[in-house]
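# Residue-level structure breakdown
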Amino acid sequence: MLNQIKGLHHVTSMASDARRNNEFFTKQLGLRRVKKTVNFDAPDVYHLYYADEFGTPGSVMTYFPFPDIGKGRHGVGEVGTTVFSVPEGTLAYWEKRFADEGVGNVARNESFGEKRLTFTGPDGDSFALVEDKADRRAPWVKGGVPGDEAIRGFHSVALRLKDGGATEELLKFMGYEEVDKSGNTRRLAIQNGNGADVVDIESLPGAGFANLGAGSVHHVAFAVEDRARQLEVRKALVDTGYGVTPVIDRDYFWAIYFRTPGGVLFEVSTNEPGFDRDEDTAHLGEALKLPTQHQHLRPYLEQHLQKLED
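Residues numbered from 1 in each chain as written. Predicted model: local features only at pLDDT ≥ 70, side-chain atom pairs only at ≥ 80, totals over all residues. Heavy atoms only, no water.

### Topic: the overall build of the protein
Along the protein, the regular secondary structure elements total 5 helices and 16 strands. Relative to the 2.2 N^0.38 estimate, which gives 19 Å for 310 residues, the radius of gyration of the protein is 18 Å and therefore close to what a compact globule would have. Counting the 310 residues in the protein, one finds 56% classified as buried. Look at the contacts in the protein between residues 6 or more apart in sequence, and 67% of them connect residues 24 or more apart. For the protein, the accessible area works out to roughly 13200 Å², and carbon and sulfur atoms hold 48% of it. Between the centroid of the 36 positive side chains of the protein and the centroid of its 46 negative side chains there is a distance of 1 Å. (Helix = DSSP H or I, 4+ residues; strand = E, 2+ residues; numbered from the N terminus. Rg over C-alpha atoms; globule rule 2.2 N^0.38 Å. Buried < 20%, exposed > 50% of the residue type's maximum accessible area, 1.4 Å probe, protein only. Contact = heavy atoms within 4.5 Å. Areas by Shrake-Rupley, 256 points an atom, 1.4 Å probe, with all protein chains shown as cover. Lys, Arg positive; Asp, Glu negative; His and termini not counted. Charge placed at Lys NZ, Arg CZ, Asp CG, Glu CD.)

### Examining the nonpolar core
Judged by nonpolar contacts, the single largest core of 62 residues is most densely connected at F25, L29, F84, L129, Y176, F222 and F266. Counting residues in hydrophobic clusters, the runner-up holds 11 residues, among them Y49, F253, Y257 and F275. (Core = buried A, V, L, I, M, F, W, Y, C linked by side-chain atoms within 4.5 Å.)

### Side note on the sheet that holds strand β15 (residues 253-259)
With mixed pairing, 8 strands are arranged side by side in an open sheet as β2-β3-β4-β1-β13-β16-β15-β14. Single-partner strands in this sheet number two, and they are β2 (32-38) and β14 (248-249). Pairing analysis gives 6 bridges linking β15 to strand β16 (residues 265-273), with the strands arranged antiparallel. Bridge pairing in β16 places I256 opposite V268. (Pairing = 2+ DSSP bridges.)

### Quick look at the pattern of salt bridges
Counted by the stated rule, this structure contains 16 salt bridges. The residue D135 makes a salt bridge to R137 at a minimum N-O spacing of 2.7 Å. Like D135, the residue R137 is buried in the burial classification. The residue R186 makes a salt bridge to E168 at a minimum N-O spacing of 3.8 Å. Taken together, the residues R186 in strand β11 (residues 185-190) and E168 in helix α3 (residues 165-173) connect sequence positions 18 residues apart. (Salt bridge = Lys/Arg side-chain N within 4 Å of Asp/Glu carboxyl O.)

### Structural notes on helix α4 (residues 227-240)
The end-to-end C-alpha distance of α4 is 20 Å, a good match for the 20 Å that 14 residues give at a rise of 1.5 Å each. Buried within α4 we find Q230, V233, A236 and L237. The arc enclosing the buried residues of α4, seen along the axis, measures out at 125°, which places them on a common side. Exposed residues on α4 whose side chains face more than 90 degrees from its buried face are K235 and D239. Each element contacted by the buried residues of α4 is listed here: α3, β13 (217-224), β15 and β16. A distance of 3.3 Å separates the backbone nitrogen of A228 from a side-chain oxygen at the start of α4, and that oxygen is part of D226. (Expected span 1.5 Å × (residues − 1). Arc of directions from axis to C-beta. Polar contact = N/O pair within 3.5 Å; in protein donor to acceptor, adjacent residues only side chain to side chain.)

### Some remarks on the UniProt feature "domain: VOC" (unreviewed entry) in the protein
Mapped onto the present numbering, the UniProt feature "domain: VOC" (unreviewed entry) falls on residues 7-132 and 153-271. For residues 7-132, the helix share is 17%, the strand share is 45%, and the end-to-end C-alpha distance is 16 Å. Helix makes up 19% of residues 153-271 and strand 44%, and the two end C-alpha atoms of the span are 15 Å apart. (UniProt positions renumbered as here; feature names shortened; annotations may be inferred.)

### Regarding the sheet that holds strand β7 (residues 114-120)
Strand order across the open sheet formed by 8 strands is β6-β7-β8-β5-β9-β12-β11-β10, with mixed pairing between neighbours. One side of each edge strand has no neighbouring strand; the edge strands of this open sheet are β6 (104-111) and β10 (176-182). Mean inter-strand twist for the sheet, computed between neighbouring axes without regard to direction, equals 25°. Here strand β5 (residues 78-86) runs beside strand β8 (residues 126-131); their pairing, made up of 5 bridges, is parallel. Looking at β8, one finds that S85 is bridged to V130. Relative to β7, helix α2 (residues 91-101) is tilted by about 15°, and along the sheet it contacts β5, β6, β7 and β8. (Axes fitted to C-alpha atoms, helices over the stretch in contact; angles between N-to-C directions.)

### Regarding the side chain of T82
Within the secondary structure, T82 is located in strand β5. The buried category is assigned to T82, whose relative accessible area is 1%.

### Remarks on helix α1 (residues 18-28)
Turning to α1, its buried residues are A18, N21, N22, F24, F25, T26 and Q28. Where α1 begins, the capping side chain belongs to D17, and its oxygen is found 3.3 Å from the backbone nitrogen of R19. In the stretch just after α1, G30 is the one whose phi turns positive, near 75°.

Below, the structure is given as structure tokens:
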């Protein structure tokens, strides 16, 4: 069993409109945009990162907003719900805020004994807030949400799978342990993690497969401290039979990718070098940052990328 993984690093999803996506995360949810860059493989498309003050692993929601992309179809083989952590007793605040802001499909429920508020994003993305009194992570406090109510980072992701058995075994190999179960959902958690410690696996054998599009999660990334630990994880996965990519430099972290038995794309990302490698912490996410290979496109991109509010 691996011991290098310390919880979630980031979740990356698809959107149809960059300005609307930016407004939702920075205004409605009160997160900080910590990086404004572009997709490595499609540089005419933004890659936007939202997080806490520093872009701490375990708090980072990222998006590829492809203009006019078709809407995703939810089903099995995907991350079904991305769940954020908020302080105990704050769901009433968020209910009112969401009502005032016109956030869709807001509903209260409980899961594994935790009070939750589910809601959808601009493209039908499935989200929830969970009250977690044990979460001591510091929030971003300049996004319009008071510090006592603000999002702390991720709580969990919920995977929807035809059969969760093989993916559950994979997560246990990655260092997760089963800590609870409820109906057709099993909860796994990493011990002594970074706060974003939980993965739920919902088995839905009769459901149809998901189709990637706007509102879909593209991949979920797990955090390791540095490149040495990442190489250890990669070797262990390859030795177990997984087809893992070479290490890829993503400017703010190094990444490896592999497809899980249930169809979800997993990434393992380093905590280094971080989002302040090319911007001062006080000004994260303000300037358009481009990968080295796309610097020559700056004049074109600055003219053609959709303008975003700060």
